[in-house]
Amino acid sequence: MFNIVIFGAPGSGKGTQSDFLVKKYNLVHLSTGDLLRAEIAAKSELGKIAEGLIAKGEFVPDNLIIDLLAGTIDKYPSANGFIFDGFPRTVVQAGALDKMLSERSMQVNIMLNIAVDNDELVARLLNRGKTSGRSDDNLETIQQRLKTYEEKTMPVIDFYDKQGKNNPIAGMGTMEDVFDRICQAIDKVNA
Ligand code: C5P
Ligand code: MG
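In this report, we go over the structure that sits alongside the text. Everything quoted here is computed from the prediction, not taken from an experiment.

So, the nonpolar core
Leu21, Phe84, Leu97, Leu112 and Tyr160 are the most contacted members of the largest nonpolar core, which has 56 residues in total. The residues touching Phe84, leaving out its near neighbours within four places in the chain, are Asn3, Ile4, Val5, Ile6, Leu30, Leu69, Ile73, Leu97 and Leu101.

Shown next, in the form of structure tokens:
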């Protein structure tokens, strides 16, 4: 069992790198953003709550997102491990993830903290917005998402730092270069 938290600002490449990781390590990719967008598409109660918050670049309440994730983990009893993408986004969620994993005899094995310059993040998200159809890939919401990230999500770095699990990854450059750095960090932890 090898569980990864892939961490970084919106546009840092978490989804892209998760796709590479799934192929190489045969893990289950759990993107809470994707799960929420599926709830919106299904017009569920949670989807109705999430829709407006996502469009504004704000977070769905911790308890709802924690329940969503716990329910999803239990759908994969024979997984080799999980990649948590877009979760935890708050320190409360980080504590809840530790608890839900330990209740299932698992733990976070590594946190990959992908760093990308702010100008590059904005450029990537605006570019993605041309084709993503996402309600939040526009300049106003992008700026709010980066602000929310700084205020609510950056403190999560300290949470994993204290556990010795924070691995800074330089996220500029090509997708392949970033993936090489990620694999080196994983190999070190597995060695
Ligand atoms: O991870 P992603 O960028 O796809 O998330 C899109 C949006 O989904 C976030 O900006 C936020 O509004 C919502 N979200 C959330 N809580 C999470 C993950 C995503 O509220 N843990
Ligand atoms: Mg994503």
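Overview of the site of ligand 1
Around ligand 1, 15 residues are found, and the nearest of them are Arg37, Glu58, Val60, Gly86 and Arg89. Val60 is positioned such that a nitrogen or oxygen atom in its backbone is 2.7 Å from an oxygen atom of ligand 1. For ligand 1, a nitrogen atom lies 3.0 Å from a polar atom in the backbone of Gly86. Here ligand 1 has 450 Å² of accessible area as a free molecule, and 96% of this is covered by the chains. With four residues, the top contributor of residues to the shell around ligand 1 is helix α2 (residues 32-41).

Remarks on the pattern of salt bridges
In the structure shown here, the tally under the stated rule is 14 salt bridges. With a closest N to O distance of 3.6 Å, Arg145 and Asp136 form a salt bridge. For the pair Arg145 and Asp136, a shared accessibility class is recorded, and that class is buried. Salt bridges linked by common partners bring Arg128, Arg134, Asp136, Asp137 and Arg145 together as one network.

With respect to the packing of helix α5 (residues 91-102) against helix α8 (residues 155-162)
The interhelical angle for the contact between α5 and α8, taken along N-to-C directions, is 35°, at an axis separation of 8 Å. For the pair formed by α5 and α8, the contact residues are Val91, Ala94, Gly95, Leu97 and Asp98 on the first element and Pro155, Val156, Phe159 and Tyr160 on the second. Residues belonging to the contact of α5 with α8 are distributed by class as follows: seven nonpolar, one polar and one charged.

Details of the side chain of Thr148
Position of Thr148 among the secondary structure elements: in helix α7 (residues 139-153). In this structure, Thr148 is in contact with Gly57, Phe59 and Thr153, ignoring residues within four places of it in sequence.

Quick look at the environment of Asn109
Relative to the elements of secondary structure, Asn109 occurs in the loop between α5 and β4 (110-115). Between the C-alpha atom of Asn109 and that of Asn167, which follows or precedes it by 58 residues, the distance is 11 Å. When sequence neighbours within four positions are dropped, the list of residues in contact with Asn109 reads Met1, Phe2, Asn3, Lys165 and Val189.

The rules behind these values
Residues numbered from 1 in each chain as written. Chains lettered and ligands numbered in written order. Predicted model: local features only at pLDDT ≥ 70, side-chain atom pairs only at ≥ 80, totals over all residues. Heavy atoms only, no water. Core = buried A, V, L, I, M, F, W, Y, C linked by side-chain atoms within 4.5 Å. Buried < 20%, exposed > 50% of the residue type's maximum accessible area, 1.4 Å probe, protein only. Contact = heavy atoms within 4.5 Å. Near = heavy atom within 4 Å. Polar contact = N/O pair within 3.5 Å; in protein donor to acceptor, adjacent residues only side chain to side chain. Areas by Shrake-Rupley, 256 points an atom, 1.4 Å probe, with all protein chains shown as cover. Helix = DSSP H or I, 4+ residues; strand = E, 2+ residues; numbered from the N terminus. Salt bridge = Lys/Arg side-chain N within 4 Å of Asp/Glu carboxyl O. Axes fitted to C-alpha atoms, helices over the stretch in contact; angles between N-to-C directions. Nonpolar A, V, L, I, M, F, W, Y, C, P; charged D, E, K, R; others polar.

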